[in-house]
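Survey of secondary and tertiary structure
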There are 2 protein chains.
Amino acid sequence: MGLRKIDIHAHILPVEWPDLKRRFGYGGFIRLEHYAPGRARMVRDDGTFFREVRENAWNPERILEDMDRHGVSVMVLSTVPVLFSYWARPQDCYEWSQFLNDHLAEVVARHSGRFLALGTVPLQDPDYAIRELERCVCQLGFPGVEIGSNVGGRNLDSPELFPFYEAVQEFGAALFVHPWDMLGQERLQNYFLEWLVGMPAETTLAICSFIFGGVFDHFPRIRVLFAHGGGSFAFTLGRIARGYEVRPDLCNVHAVQNPRLYTGRFWVDTVTHDPRALRFLLETFGPERVVYGTDYPFPLGDLEHGRIIDELGLEPEVAERVFVGNALQFLGLTVAEPGTVFSRQR
Amino acid sequence: MGLRKIDIHAHILPVEWPDLKRRFGYGGFIRLEHYAPGRARMVRDDGTFFREVRENAWNPERILEDMDRHGVSVMVLSTVPVLFSYWARPQDCYEWSQFLNDHLAEVVARHSGRFLALGTVPLQDPDYAIRELERCVCQLGFPGVEIGSNVGGRNLDSPELFPFYEAVQEFGAALFVHPWDMLGQERLQNYFLEWLVGMPAETTLAICSFIFGGVFDHFPRIRVLFAHGGGSFAFTLGRIARGYEVRPDLCNVHAVQNPRLYTGRFWVDTVTHDPRALRFLLETFGPERVVYGTDYPFPLGDLEHGRIIDELGLEPEVAERVFVGNALQFLGLTVAEPGTVFSRQR
């Protein structure tokens, strides 16, 4: 049987990890406290609660049950953004990234063909980030890495990141951009708004930083996917393009093209929770640029595993692209039918 | 001839105003420096440049030419958000608001039937704000007021604002919410992003604050319009509603309904620069909730005065609603055909 669905956006935690505060000598990290069978709390090491999680956040056997129940052939696993730790000392984040990536590699190896992984890198230090990127791709066999939408408040057009992008392009790695450390978070403390309003804005900002900062132009072969349908970018593209047209003095300092011309240049996932919004994405970016993803296992994710895509009643070849083909393109992988052994495109 | 188009979102400046820094004894205000015929600069009183403007920002005769050229029957004028001055001493902002509102009233009076005005109020002090609201409605004859999307960083669900909303409802005033003082602005300093990404996020946050903060529920008769098509709200409503469903502990602290049930509860304008986005708004909010507006005279505005609406090829009765009927509903006005004399609905 061929591949039915590749979920490009799913997160996993190691079942346990070292006490990072003790190890590195300062706080700010996340602990995982298992307090009942199949239940744990993510807690900041100052004791403040971050998030409740269940077994499907760390146990691959449990995850596979969900995958089998919903016809998910492959999940592409990445770490949970709160673990990025870009604020930490670079050397420490480098070590921590290696720990997380080794765990991802182990999960992938132990369940042949069911999981792929996008690694994490210490993006606050591009040298370390490049070193860990190389290890992810060349040693661990990952198709790419996940990064946050900013690094300590610096947007993704920051010149310090260009050597990293150069390496991403050179290694043919896929780059998954996930919102984290949301702008204006002091204004978003109530009603889950950091996730509901902050994340889409943060992702829109990340895409605009790639466009207006000239990242797409400098690295024409880089493959990037933005989470949660690209945030609000598609919907506010009219305003963004209008801004480019009427204020080139502000928008076009890097001699880039009209933002509308970059819509075929990157991928977005399907995490929108709205069939009309999803159709809007397909129209804006094209059916070859929208990739099935869920944000599993978190409650704000698509825990019906693509039902809104089914409900759109897409042409079979479009649906196949969204569920499988586009993910392979983004990841730079080919698959020898009817098996599920992936190999890198040449 | 009846009304063809009522532009709900247009800004005007007085041609000159007092030196506010000298008058109030501290800085932070905006000056208008006329430096050539028909040209002026808005400059912060520390000397930093804010924005270049032309005669159509202050001269009603010049504005009327544009209106006549584009078949705009009536413009609903409001002040430019940078003039709100919610950061100033309340007494000073109260005096300044009176100055701006007196100017608006004068423009309305001098060009009978062509302009309406939404006043500005010192929202940092609800008592003064209510006093000036009352003056706007009862003395100056305005159908309502314009407010910013936050007050000194406090969102619009702030309990201090509830007496103001009570008064707005009591006076039957229309409330136009315009984004200003954008969240995360330190991250938005390049490429006009404070306007392109910050404003839509800010407006989305304002709508979410009204919903999750229970403002709509507390004031069932309040009439509110959010600028720029409501920012990203319509497009990210799937995510917002999903958040409400899965995290009621965070989203539903005020016993509100599902966010999807508030879409018929407020108005948005048409400033999207994208016909597909505009159609999305009509589908989300309903054809009776989308109001023609331009953000005239600024370059990020719809300076083709509704051409994208024409291009949608709406049913004539829908187009009439968008161009005229919905504005009257929002403003609480009726008009005796075939004239253009407005009277308040009872």
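Scroll up to find the structure.
Residues numbered from 1 in each chain as written. Chains lettered and ligands numbered in written order. Predicted model: local features only at pLDDT ≥ 70, side-chain atom pairs only at ≥ 80, totals over all residues. Heavy atoms only, no water.

Attention now moves to the nonpolar core. Within the largest apolar cluster, 262 residues are counted, with the highest numbers of intra-cluster contacts made by Phe164(A), Tyr165(A), Phe212(A), Phe164(B), Tyr165(B) and Phe212(B). Phe164(B) has contacts with Val121(B), Leu123(B), Ala129(B), Ile130(B), Leu133(B), Val145(B), Ile147(B) and Leu175(B), leaving out every residue within four places of it along the chain. (Core = buried A, V, L, I, M, F, W, Y, C linked by side-chain atoms within 4.5 Å. Buried < 20%, exposed > 50% of the residue type's maximum accessible area, 1.4 Å probe, protein only. Contact = heavy atoms within 4.5 Å.)

What follows covers the interface of chain A and chain B. Quoted interface sizes are often the accessible area lost when the parts come together. On the side of chain B, 57 residues touch chain A, which itself brings 57 residues to the contact. For the chain A and chain B pair, buried surface summed over both sides reaches about 5,000 Å², with 61% attributable to carbon and sulfur atoms. Per-residue buried area on chain A facing chain B is highest for Arg187(A), Tyr191(A) and Arg239(A); these three make up 21% of the total on that side. Residues Glu283(A) and Arg276(B) are paired through a salt bridge, measuring 2.9 Å at the closest nitrogen-oxygen approach. Run the count over chain A and chain B and you get 27 residue pairs in polar contact (both at pLDDT 80 or more). Where the side of chain A that touches chain B is concerned, the elements lending two or more residues are helix H6 (193–212), helix H8 (233–246), helix H9 (248–251) and helix H10 (275–285) of chain A. Residue contributions to the side of chain A that touches chain B peak at 12 residues, all from H6(A). (Buried area = accessible area lost by both parts, 1.4 Å probe. Salt bridge = Lys/Arg side-chain N within 4 Å of Asp/Glu carboxyl O. Polar contact = N/O pair within 3.5 Å; in protein donor to acceptor, adjacent residues only side chain to side chain. Helix = DSSP H or I, 4+ residues; strand = E, 2+ residues; numbered from the N terminus.)

Bringing the packing of aromatic side chains into the picture now. Aromatic ring pairs are defined here through the distance separating the ring centres and the angle between the ring planes. Tallied over the entire structure, the rule returns 62 aromatic pairs over all chains. The interplanar angle of 15 degrees and the centroid separation of 6.3 Å between the aromatic rings of Phe233(B) and Phe285(B) together place this pair among those described as stacked. In this pair, Phe233(B) sits in helix H8 (residues 233–246) while Phe285(B) sits in helix H10 (residues 275–285), placing the two residues 52 residues apart along the sequence. Accessibility expressed as a relative area gives 0% for Phe233(B), which makes it buried. Under the relative-accessibility criterion, Phe285(B) is labelled buried at 3%. Connected via pairs of aromatic rings, a cluster forms that spans Phe162(A), Phe164(A), Tyr165(A), Phe210(A), Phe216(A), Phe219(A), Phe226(A), Phe233(A), Tyr262(A), Phe266(A) and Phe285(A). Residue placement shows Arg41(A) over the ring face of Tyr35(A); its charged tip is 3.9 Å from the ring centre. Note that Arg289(A) overlies the ring of Trp267(A), its terminal NZ or CZ placed 4.2 Å from the centroid. (Phe/Tyr/Trp six-rings, centres within 6.5 Å; stacked < 30°, edge-to-face > 60°. Lys NZ or Arg CZ within 6 Å of the ring centre and 35° of its normal.)

Another point: the sheet that holds strand E1 (residues 6–11) of chain A. The pairing of strands in a sheet happens through backbone hydrogen bonds and is either parallel or antiparallel. Residue and element names in this part refer to chain A. Spatial ordering of the open sheet is given by E1-E5-E6-E7-E10-E11-E12-E13, a layout of eight strands whose pairing is parallel. In this open sheet, the two strands that pair with only one neighbour each are E1 and strand E13 (290–291). With four bridges connecting them, E1 and strand E5 (residues 74–78) associate as parallel partners. Bridging from a neighbouring strand, Ala10 pairs with Leu77 of E5. (Pairing = 2+ DSSP bridges.)

Before going further, it helps to spend a moment on the pairing of strand E5 (residues 74–78) of chain B. Residues and elements named next belong to chain B. Where burial is concerned, most of E5 is hidden: five out of the five residues are buried. Of the two faces of E5, the one lined by Val74, Val76 and Ser78 and the one lined by Met75 and Leu77 are each fully buried. The pairing of E5 with strand E6 (residues 115–120) spans three bridges and is classified as parallel. Pairing of Leu77 across the sheet is with Ala117, part of E6.

Let us look at the pattern of salt bridges. Residue and element names in this part refer to chain B. What the rule picks out here adds up to 32 salt bridges over all chains. Linking Arg23 and Glu95 is a salt bridge whose minimum nitrogen-to-oxygen distance equals 2.3 Å. In this pair, Arg23 sits in helix H1 (residues 20–24) while Glu95 sits in helix H3 (residues 90–110), placing the two residues 72 residues apart along the sequence. The salt bridge partner of Asp66 is Arg69, with a shortest N-O separation of 2.7 Å. You can see Asp66 and its partner Arg69 sitting in helix H2 (residues 60–69), three residues apart, about one turn around the helix. Using a relative accessible area of 7% as the deciding quantity, one classes Asp66 as buried. The class of Arg69 is exposed, set by a relative accessible area of 53%.

By themselves, these observations are geometric and do not establish any function.
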